[in-house]
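These are the residues of each chain, in order.
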Amino acid sequence: ILTTGGTGLGPRDVTVEATREVMDREIPGIMEACRTYGQSRTPYAMLSRGLAAQKGNTLIINLPGSSNGVRESLDAIFPAVLHSYQMMDGLGH
């Protein structure tokens, strides 16, 4: 599940809180990679509160609201995110 928007500091930015309500466990490295990659392009990447989490065998990834932020985030995490499905299925590396 990819969400876009609601990851900033505004009063209506509640995507992260909604994700926390349904997730089983957080996967911090995914969003760390997004923010690190984004930080090399804009200093505002550090303000994203985006969260990546697992719910059963489903990944939930909160992406920024800007189209450029989404594109850069996806560049940062794929194909590694695809590998996560093998991990969740118990197949290892």
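Everything below is about the structure printed above this text.
Overview of the structure. It should be emphasised that the depicted structure is a prediction, and the values quoted were computed from it without experimental measurement.

What counts, and at which threshold
- Residues numbered from 1 in each chain as written.
- Predicted model: local features only at pLDDT ≥ 70, side-chain atom pairs only at ≥ 80, totals over all residues.
- Heavy atoms only, no water.
- Phe/Tyr/Trp six-rings, centres within 6.5 Å; stacked < 30°, edge-to-face > 60°.
- Lys NZ or Arg CZ within 6 Å of the ring centre and 35° of its normal.
- Core = buried A, V, L, I, M, F, W, Y, C linked by side-chain atoms within 4.5 Å.
- Buried < 20%, exposed > 50% of the residue type's maximum accessible area, 1.4 Å probe, protein only.
- Contact = heavy atoms within 4.5 Å.
- 1 Å grid on protein atoms, 1.4 Å probe; cavity = no way out; pocket = protein on both sides within 12 Å on 5 of 7 lines; lining within 4 Å.
- Points joined across faces, edges and corners; volume = space filled by probe spheres on them.
- Helix = DSSP H or I, 4+ residues; strand = E, 2+ residues; numbered from the N terminus.
- Nonpolar A, V, L, I, M, F, W, Y, C, P; charged D, E, K, R; others polar.
- Pairing = 2+ DSSP bridges.
- Axes fitted to C-alpha atoms, helices over the stretch in contact; angles between N-to-C directions.
- Salt bridge = Lys/Arg side-chain N within 4 Å of Asp/Glu carboxyl O.

**Details of the packing of aromatic side chains**
Scanning the entire structure with this criterion turns up 0 aromatic pairs. Between Arg41 and the ring centre of Tyr37, over which it is positioned, the NZ or CZ distance is 3.7 Å.

**Digging into the nonpolar core**
In this structure, Ile30, Met31, Cys34, Ala52, Leu59, Ile61, Leu63, Val70, Ile77, Val81 and Met88 together form the largest nonpolar core, which totals 11 residues. When residues no more than four places from it in sequence are discounted, the contact partners of Met88 are Gln54, Gly56, Asn57, Thr58 and Leu59.

**Quick word on the layout of surface pockets**
Approximately 280 Å³ is the volume found for the largest pocket. In this structure, the largest pocket is lined by 17 residues; those nearest its centre are Tyr44, Ala45, Ser48, Pro64 and Gly69. Element by element, the count of residues in the lining of the largest pocket is highest for helix α2 (residues 28–39), at 4 residues. Taken together, the residues of the lining of the largest pocket sort by class into 7 nonpolar, 8 polar and 2 charged. Its volume calculated, the second largest pocket comes out at about 220 Å³. Around the second largest pocket, the lining comprises 14 residues; the ones closest to its centre are Ile27, Ile30, Leu59, Ala80 and Ser84. Elements supplying a minimum of two residues to the lining of the second largest pocket: α2, α3 (67–77) and α4 (80–88). In terms of residue class, the lining of the second largest pocket is made up of 10 nonpolar, 3 polar and 1 charged.

**A closer look at the sheet that holds strand β1 (residues 2–4)**
Read across the sheet, 4 strands follow the order β1-β4-β3-β2 without closing on themselves; strand pairing throughout is mixed. Taken across any chain shown, the strands that pair with only one partner, and hence form the sheet edges, are β1 and β2 (25–26). Bridge count between strand β3 (residues 52–55) and strand β4 (residues 58–63): 4 bridges; the pairing is antiparallel. Its bridge partner being in β4, Gln54 is matched across the sheet by Leu59. Contacting β2, β3 and β4, α2 crosses the sheet at an angle of about 30° to β4. The strands that α3 touches are β1 and β4; relative to β4, the one it contacts most, it runs at about 140°.

**Describing the pattern of salt bridges**
Taken as a whole, this structure holds 4 salt bridges when the rule is applied. The closest approach of N and O atoms between Glu17 and Arg49, which form a salt bridge, is 2.7 Å. One end of the pair, Glu17, is in helix α1 (residues 15–22); the other, Arg49, is in the loop between α2 and β3, and 32 residues separate them in sequence. Arg49 gets classed as partly exposed once you look at its relative accessible area, which sits at 25%. Across the pair Lys55 and Asp24 runs a salt bridge whose closest N-O atoms are separated by 3.6 Å. On the criterion of sequence distance, the pair formed by Lys55 in strand β3 and Asp24 in the loop between α1 and β2 is long-range, its members being 31 residues apart.

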